[in-house]
Amino acid sequence: MFPMLAIMVTVTGYPLLSTIRLSFTDASLVGNAPMSWVGLENYIYAFTDPDFRDAFFRSLYFAFVSVGVEVILGVLVALLLNQEFFGRPFVRALVVLPWALPTIVNAMMWRLIFNPEFGSWNALLTQLHLIDAYRSWLGDPATVMNMVILADVWKNYPLVTLIVLAALQIIPPELYQAAAIDGAGAWRQFWKITFPEILGPLSVALMLRMIDAFKVFDIIYVMTRGGPADATKTVSFYVYQESFSYLRAGSGAAYAVLVGLVCGILIGLYLMILRRQEHS
Amino acid sequence: MNRFVKLAFGVGLALTLGVLAPRPASADVLLNALFMKQAAYSEDDIRNMTTAFEQANPGIKVNLEFVAYEALHDKIVAAQGAGGSGYDVVLYDVIWPAEFAKHGFLMDVTSRVPDSETAQVFDGAWSTVTYDGKRWGMPWILDTKYLFYNKDMLKRAGIAAPPKTWDELTAQAKILKDKGIVQYPIVWSWAQAEALICDYATLVAAYKGAFFDAGGKPVFDQDGALKAMQYMNDSLRDGLTNPNSREYLEEDVRRVFSNGDAAFALNWTYMYNMANDPKESKVAGQVELEPAPGVAGLTTASAVNGSMALGIPSNSQHADEAWKYISYITSQPVHNKYAQLSLPIWKSSYDDPTVAKGQESLIAAAKTSIALMFPRPSTVSYQELSAILQKRIQQVLLGQATAEDAMHQAVEDASRLR
């Protein structure tokens, strides 16, 4: 127990405390400038910074929409893959593929798909007569965030599918047979049998994805670098920029602590869900 | 048998690891060098230069790393925090010396540069490495943005000569559009990135505007700087500029232009030979260039200083070897040999017929443009200033704000800089 605890304190506790300490200073990321205590100045600056507030709401939007779609899509695909059909093992393996891709590769791929001149997204929509001409998807602030979300959903919904599929497989088929005899349709079977059974695992998947999505950085960095006109600049991108582009480690740490607090709340909810499941 | 297999496997593994491990003999010095992989010298050029250097200097090996321009600054900064195992040679942009010098990132190499070279290299190139009266490296890429045009398209539109002023560019673009020769005649790199500021600065120079007044107060919302912004916006509203420019970087501009989807483009030196290369371009042989236009009554041409330099990070353990490498790849013979994608920093190279061969118009344009190169502000918080301008300029280009409002806001933001 003790060695484990020691490792935890070293690799998690120390950096965390050091970040919190840093957030009360005007430290520079590197270089020879002396560092001094500035109290709450960095936090006051963060709260009065309209750009940070915008970035915060952008992260929330990203988290809610992408996780929302991932959950719905993930459950639907899991239900499909739980049915018997020819080639099911192959399709099950295929579904995992997007999730196994590195985010950077995924982001580069979607950049090409959304390309305004030769992107296949434009080709698809034009051939379906949904749009008249090729257009810029990542250069338009009205669409760009949803396009990044689409790329994120494609990559991450398989996690939800995998977790839900595992839960589906342990539901005894007799339950469905009995329900069918009692005259319950597919819709009723889903809400009365399936949904309660998968709710636990699903809420775990939902919280894990939420925590991850709120911190979104890499896919943004590769696809849009926060543009156009800051339309995809999320809080994590903000932290990155403050620390590494502007070298203000102190203020960057303050922003990071604020992001950490939000994740802390989400983690608290996650633990509550876990505890409730243990009880039931 | 079993033991034999194990033995063979072990020997094979040892051999493979021995062969694969990229470590020089113990006496060798290994330099870690950081370059970018877009515009100017190609990766192949840099590898060839480096191989030649290694052959001439036994005992020094150079490990090359290439990153996108957008990652270069942060990579240099992050490596500083890594202690002694960082880079020995880094490529850096003309806009960073103030910040780097303030934080002590680079070694002062003033005493290493021979006095005789001061007069032999262009002042615009020296300004890339000079801050606070000291030299923080050696200029390597002497670059500015030129106006590229498609000869064939202009001929078909009945246009006799390329534009000399930005208003003429507008007029010619309109003719090309009206005659249906090309849907969007002009393409730029207006993504939310430094490339946008380079295009903007070129126009600011043409309109004789400024980023800051003599007292150091930001003046983006006045005179020439505001007119530059309005020009960009008008050209977009009139349908003369490709609207996708708002998500393009330099390589996108090159692709669109090389594909025959634009008649005019603003881009760096490297596009000239690439867009005229049949392997890279559908419009090879049709590509010409001029210095970026001027404004009637104010300027005859315009240019932005987009030069880059090589420096030695202050935590390098091999400064002498690093300087040897820098001296070699910035030397006149090397510059003259690789003058197709990036032009020499050396003045006399421009009168050397072997350098000019096959790219006479590039050399002619360079002679005008290099003398005019307009600097972006030399300030410690340049990165942040640039981010402010990128955001506000894009708001105008995306129709979210008027030029006056957005640039006024940029001035307010800039005065909030800490």
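Note that the structure is predicted; figures quoted are calculated from it, not measured. (Residues numbered from 1 in each chain as written. Chains lettered and ligands numbered in written order. Predicted model: local features only at pLDDT ≥ 70, side-chain atom pairs only at ≥ 80, totals over all residues.)

**Details of the confidence of the model for chain B**
Residue and element names in this part refer to chain B. Just so we agree on the cut-off: You can read pLDDT as the predictor saying how much it trusts each residue, on a scale of 0 to 100. Residue pairs qualify as contacts under a 7 Å threshold applied to their C-beta atoms, which are placed from the backbone.
Looking at chain B, the pLDDT average stands at 90 and 92% of residues meet or exceed 70. The model gives residues 7–25 a pLDDT under 50, and that stretch makes two contacts with residues more than four places away or in other chains. The ipTM for the predicted assembly is 0.83, set against a pTM of 0.87.

**Focus: the sheet that holds strand 9 (residues 264–267) of chain B**
Note the following rule: Paired strands, as defined in this entry, are two strands with at least two bridges between them according to DSSP. Secondary structure follows DSSP: runs of H or I at least 4 residues long count as helices, runs of E at least 2 residues long count as strands, and numbering of each begins at the N terminus.
Read across the open sheet, the five strands follow the order 8-9-7-10-11 (chain B); overall the sheet is mixed. Of all the strands in the sheet, the pair left with one neighbour each is strand 8 (186–187) and strand 11 (299–302) of chain B.

**Looking at unusual backbone geometry**
Note the threshold: Here a residue counts as buried when 20 or more other C-beta atoms fall within 10 Å of its C-beta, as exposed when 12 or fewer do, and as partly exposed in between; the C-beta atoms come from the backbone.
In the segment running from A:G227 into A:P228, the intervening peptide bond is cis, with an omega of -10°. Inspection of the secondary structure assignment puts A:P228 in the loop between helix 10 (218–223) and helix 11 (235–245). Positioned with a positive phi, A:H129 is a non-glycine residue whose angle comes to about 60°. Here A:H129 is to be found in the loop between helix 6 (120–127) and helix 7 (144–169). For A:H129, a count of 7 C-beta atoms within 10 Å gives the class exposed. Phi is positive for B:K208, which is not a glycine, with a value near 55°. Mapped onto the elements, B:K208 comes out in the loop between helix 9 (194–206) and helix 10 (223–237).

**A closer look at the interface of chain B and chain A**
Our working definition: Nonpolar residues are Ala, Val, Leu, Ile, Met, Phe, Trp, Tyr, Cys and Pro. Charged residues are Asp, Glu, Lys and Arg, and all others, Gly as well, are polar.
Facing 25 residues of chain B, the contacting portion of chain A comprises 22 residues. Those elements giving two or more residues to the side of chain B that touches chain A turn out to be helix 3 (69–80) and helix 17 (382–397) of chain B. Per element, the largest residue contribution to the side of chain B that touches chain A is six residues, and it comes from helix 3 of chain B. Its residues assigned to classes, the side of chain B that touches chain A comprises eight nonpolar, 11 polar and six charged.

**Examining helix 1 (residues 2–22) of chain A**
To keep it simple, the criterion reads: Multiply 1.5 Å by the residue count of a helix minus one, and that product is the helix's expected span. Take the seven residues that end at a residue and the seven that start at it, fit an axis to each, and the angle between those axes is the bend at that residue.
Taking 1.5 Å per residue as the helical rise, helix 1 of chain A with its 21 residues ought to reach 30 Å, and the 28 Å between its terminal C-alpha atoms agrees with that figure. Taken as a whole, helix 1 of chain A carries its principal kink of about 35° at A:V9.

**Notes on helix 9 (residues 186–214) of chain A**
Residue and element names in this part refer to chain A. Along its 29 residues, helix 9 runs just 35 Å from first to last C-alpha, ending more than 12% under the 42 Å computed at 1.5 Å per residue. Along helix 9, the largest kink reaches about 50° and is centred on F195; proline P196 follows within four residues of it. Of the positions making up helix 9, those classed as buried are T194, I198, A205, L206, M207, R209, M210, A213 and F214.

**Overview of the environment of B:S361**
Residues and elements named next belong to chain B. Structurally, S361 can be placed in helix 16 (residues 360–372). The exposure class of S361 is partly exposed, given the 14 C-beta atoms found within 10 Å. What S361 contacts, discounting residues up to four positions off in sequence, is E288 and L289.

**Regarding the nonpolar core**
Let me state the cut-off plainly: Nonpolar core, as used here: buried Ala, Val, Leu, Ile, Met, Phe, Trp, Tyr and Cys residues forming one set through C-beta atoms within 7 Å. Where each domain starts and ends follows an automatic or database-derived domain assignment.
B:V89, B:F148, B:V187, B:A262 and B:F264 are the most contacted members of the largest nonpolar core, which totals 201 residues. Sort the elements by how many residues they give to this core and helix 7 of chain A lands first, with 14 residues. Structurally, this core is a two-domain feature, drawing no fewer than three residues from each of domain 1 (2–143 + 306–372) and domain 2 (146–304 + 381–415) of chain B. Each residue touching B:V89, except ones within four places of it in the same chain, is listed here: B:L31, B:A33, B:L310, B:I312, B:A322, B:Y325 and B:I326.

**Focus: the environment of B:A292**
All names here are of chain B. Along the polypeptide, A292 turns up in strand 10 (residues 287–295). Considered as a pair, A292 and V304 are 12 residues apart in the sequence and their alpha carbons are 9.3 Å apart. Setting aside anything within four residues of it in sequence, one finds A292 in contact with K145, Y146, L147, T202, A206, L266, A301, S302 and A303.

**Considerations on the domain arrangement of chain B**
Residue and element names in this part refer to chain B. When the domains of chain B are assigned, the result is domain 1 (2–143 + 306–372) and domain 2 (146–304 + 381–415). Of note, the centres of domain 1 and domain 2, computed from C-alpha atoms alone, are 29 Å apart. Between domain 1 and domain 2, the residue contacts involve 21 residues of the former and 20 residues of the latter. Among the elements of the structure, helix 3, helix 4 (97–103) and helix 16 are those that each provide at least two residues to the side of domain 1 that touches domain 2. Sorting elements by how many residues they give to the side of domain 1 that touches domain 2 places helix 16 first, with six residues. For the side of domain 1 that touches domain 2, the class distribution of residues is nine nonpolar, nine polar and three charged.

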